[in-house]
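Each chain, letter by letter, is given below.
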Amino acid sequence: MLIVKKFGGTSVADKERMLHVAGICAEEYKKGNDVVVVLSAMGKQTDVLLTQAEEINPNAPKREIDMLLTTGEQISVALMAMALESMGVPAISFHAFQAGIYTSKVYGNARIQRIDTARMEEALSDRKVVIVAGFQGINEAGDYTTLGRGGSDTTAVALAAVLKADVCEIYTDVDGVYTADPRMVPSAVKLKEISYEEMLELASLGAGVLHNRSVEMAKRFGVELVVKSSFENLEGTRVCDNTGKKSALFQLEDGAIRAAQSLEGTTMEEMLVSGVTADKNTARIQLTGIKETTKEIYHIFQRLSEQHIGADSVLMSPSRDKTTDISFTVPRDRLSETVEVLNRYSKESFSPIEIIAEDNIAKVSAVGAGMMSNTAIAVNMFEALHEASIDTHMIYASELRITVLVDEKDTLKAVRAVHERLIEKRMK
Ligand code: ADP
Ligand code: ASP
Ligand code: MG
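Residues numbered from 1 in each chain as written. Chains lettered and ligands numbered in written order. Predicted model: local features only at pLDDT ≥ 70, side-chain atom pairs only at ≥ 80, totals over all residues. Heavy atoms only, no water.

Asks: With reference to specific residues and values, describe the site of ligand 1.
Replies: The local shell around ligand 1 holds 16 residues, among which Thr172, Asp173, Tyr178, Asp181 and Arg183 are the closest. Within the backbone of Tyr178, a nitrogen or oxygen atom sits 2.9 Å from a nitrogen atom of ligand 1. When isolated, ligand 1 has an accessible area of 580 Å², and the protein chains bury 83% of it. Grouping the amino acids of the shell around ligand 1 by side-chain chemistry returns 7 nonpolar, 5 polar and 4 charged. (Near = heavy atom within 4 Å. Polar contact = N/O pair within 3.5 Å; in protein donor to acceptor, adjacent residues only side chain to side chain. Areas by Shrake-Rupley, 256 points an atom, 1.4 Å probe, with all protein chains shown as cover. Nonpolar A, V, L, I, M, F, W, Y, C, P; charged D, E, K, R; others polar.)

As structure tokens, then:
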């Protein structure tokens with residue numbers, strides 16, 4: 001078997017953790033399996049490097065930021081190779097160039113375009129454990145790029161796809177994917193499995209446990225993905241194609257597996273909520289006074305997309321004066337760029353557009369296949385929010401999720417209330 005194992009920052013934070021992880025990899029290798037290990041930078045090293053950059057130059061060139069950040073992962077892989085060698089396991093570390101990971105040119109948010117597997121395959125056929133620096137790539141200029149925060153997951157899935165690995169295991173500091181971030185909702189329950197689609201929604205809507213692009217890629221290439229703990233040897237959560245799913249399977253603390261009960265007024269088959277998540281990296285944009293609706297909206301989204309700014313939860317509504325209003329969310333850390341793009345556009349647009357930006361809000365979403373077809377979910381969600389006296393500013397629903405915007409200060413309260421109503425109640 002060929003197994004890709006990825007370990008996040010906390011899992012390789014210090015010498016003890018490194019040696020523990022090396023032990024997990026050595027054990028796999030000794031079973032006769034081929035092992036590819038993808039590592040993140042140790043502990044909070046990426047944040048430390050970003051702070052150093054900020055202190056030297058708050059407007060540092062993005063190329064230099066990537067040059068700096070990629071050092072974090074390189075320390076991890078070299079130390080891991082040394083750790084494995086100390087255990088008598090032959091190992092070799094690769095940075096992006098050596099692993100042949102080529103990306104688009106955008107610094108800070110590059111996309112993997114192709115992987116030249118020759119060196120990795122040669123090392124595997126020499127029976128070496130291959131250890132690859134996550135989060136990084138090389139662009140056409142021959143410079144280092146990074147894949148966006150949390151991007152080591154995507155490196156791991158990409159390697160699993162091109163090397164046709166049997167499984168890609170994402171080891172982290174929680175023992176699987178839970179119905180909500182267990183740090184926010186202590187009563188959250190571990191999922192035994194979750195579909196790619198639902199995991200992609202959760203990851204895109206704030207559940208930091210997996211990089212959303214890793215899930216997208218796993219789905220596209222059919223990579224079997226497992227999220228598990230690097231601290232304890234527990235089963236974890238399988239992210240897979242389970243479109244025929246009739247109910248969410250929860251793993252209870254005693255190890256028993258239980259299917260969720262149906263919500264009142266719904267049948268088991270129709271719909272089950274897999275998780276609740278929040279994203280504070282959210283800002284809302286409202287544009288009013290759009291005259292030539294389709295044409296202008298096309299131009300607006302084209303400008304945003306040129307800057308790689310992803311708009312989410314887009315809503316459009318006609319206004320009394322025959323113009324159109326649209327609202328959407330963007331990542332808060334891209335808000336000033338978004339406003340700049342829109343201001344520039346507004347000056348040359350067909351009609352004066354008023355731009356309102358809000359950044360003291362957060363997105364709270366319930367995710368599960370079949371949302372639209374089940375009105376009871378929305379009713380229950382709003383009842384829970386109402387009972388918790390939480391104001392909602394915008395609602396967006398799709399087949400896979402219901403998202404509401406709430407005041408940032410209400411985030412935790414909202415997640416807990418929705419989780420309690422849509423998930424905990426069904427487990428009883
Ligand atoms: P790593 O460094 O291993 O990549 P991350 O911090 O990126 O780890 O991801 C793990 C964290 O994701 C957990 O510590 C947990 O707080 C958070 N998290 C958010 N949502 C969820 C969820 N639904 N299930 C499990 N963990 C979650
Ligand atoms: N070290 C990078 C980060 O902190 C990548 C990763 O951990 O996946 O974002
Ligand atoms: Mg991560």
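Asks: Give me the lowdown on the pattern of salt bridges, citing residues and values where you can.
Replies: This structure, assessed with the given rule, holds 28 salt bridges. As a salt-bridge pair, Glu169 and Lys5 come within 2.7 Å of each other at their nearest N and O atoms. Highlighted residues: Glu169 in strand 9 (residues 167–172) and Lys5 in strand 1 (residues 2–7), separated in sequence by 164 residues. An identical accessibility class is assigned to Glu169 and Lys5; each is buried. Among the salt bridges present, the one from Asp410 reaches Lys409, with a minimum N-O distance of 3.5 Å. What makes Lys409 exposed here is its relative accessible area of 68%. Each of Lys5, Glu28, Lys31, Glu169 and Lys228 takes part in salt bridges that share partners, so that together they form one network. (Salt bridge = Lys/Arg side-chain N within 4 Å of Asp/Glu carboxyl O. Helix = DSSP H or I, 4+ residues; strand = E, 2+ residues; numbered from the N terminus. Buried < 20%, exposed > 50% of the residue type's maximum accessible area, 1.4 Å probe, protein only.)

Asks: Please give an account of the environment of Glu420 that cites residues and values.
Replies: Mapped onto the fold, Glu420 is located in helix 12 (residues 411–427). According to the relative accessible area criterion, Glu420 is partly exposed, its value standing at 36%. Separated by 235 residues in the primary sequence, Glu420 and Val185 have C-alpha atoms spaced 9.2 Å apart.

Asks: Tell me about the site of ligand 2, and please be specific about residues and values.
Replies: Around ligand 2, the neighbouring residues are Ser40, Ala41, Thr46, Glu73, Phe135, Arg149, Gly150, Gly151 and Ser152. Between ligand 2 and Thr46, the relevant distance is 2.8 Å, taken from a nitrogen atom to a side-chain nitrogen or oxygen of the residue. In the model, an oxygen atom of ligand 2 is placed 2.7 Å from a nitrogen or oxygen of the Arg149 side chain. For ligand 2, whose free accessible area comes to 260 Å², the fraction covered by protein is 86%. When its residues are assigned to classes, the shell around ligand 2 shows 2 nonpolar, 5 polar and 2 charged.

Asks: So what about the nonpolar core? Which residues, and what values?
Replies: If you look at the biggest cluster of nonpolar residues, it comprises 45 residues, and the most contacted ones within it are Val36, Met120, Val132, Leu159, Cys168 and Met199. For this core, the element with the highest residue contribution is helix 6 (residues 152–162), accounting for 6 residues. If we skip the residues at most four places from it in the chain, Val132 touches Val36, Val37, Val38, Leu39, Val77, Phe94, Ala99, Ile101, Met120 and Leu159. Within the second largest apolar cluster, 25 residues are counted, among which are Met381, Ala414, Val415 and Ala417. (Core = buried A, V, L, I, M, F, W, Y, C linked by side-chain atoms within 4.5 Å. Contact = heavy atoms within 4.5 Å.)

Asks: Kindly report on the environment of Ser104, identifying the contributing residues and their values.
Replies: As for its placement among the helices and strands, Ser104 is situated in the loop between strand 4 (101–103) and strand 5 (112–115). Sequence separation of Ser104 and Ile402 is 298 residues, and the distance between their C-alpha atoms is 33 Å. When residues no more than four places from it in sequence are discounted, the contact partners of Ser104 are Ala110, Arg111, Gln113, Asn139 and Thr145.

Asks: An account of the sheet that holds strand 20 (residues 354–358) is requested, with residue identities and associated values reported.
Replies: Read across the open sheet, the 4 strands follow the order 18-19-17-20; overall the sheet is antiparallel. Two strands lie at the open edges of the sheet, namely strand 18 (312–318) and strand 20, each paired on one side alone. Neighbouring strand axes in the sheet, compared pairwise and without regard to direction, differ in orientation by 15 degrees on average. The pairing of strand 18 with strand 19 (residues 324–330) spans 5 bridges and is classified as antiparallel. Along strand 19, the bridge assignment pairs Leu315 with Ser327. Its contacts with the sheet put helix 9 (residues 293–306) on strand 17 (283–290), strand 18 and strand 19, and the angle it makes with strand 19 is roughly 20 degrees. On top of the sheet, helix 10 (residues 335–348) reaches strand 17, strand 19 and strand 20; it is set at about 10 degrees to strand 17, its chief contact. (Pairing = 2+ DSSP bridges. Axes fitted to C-alpha atoms, helices over the stretch in contact; angles between N-to-C directions.)

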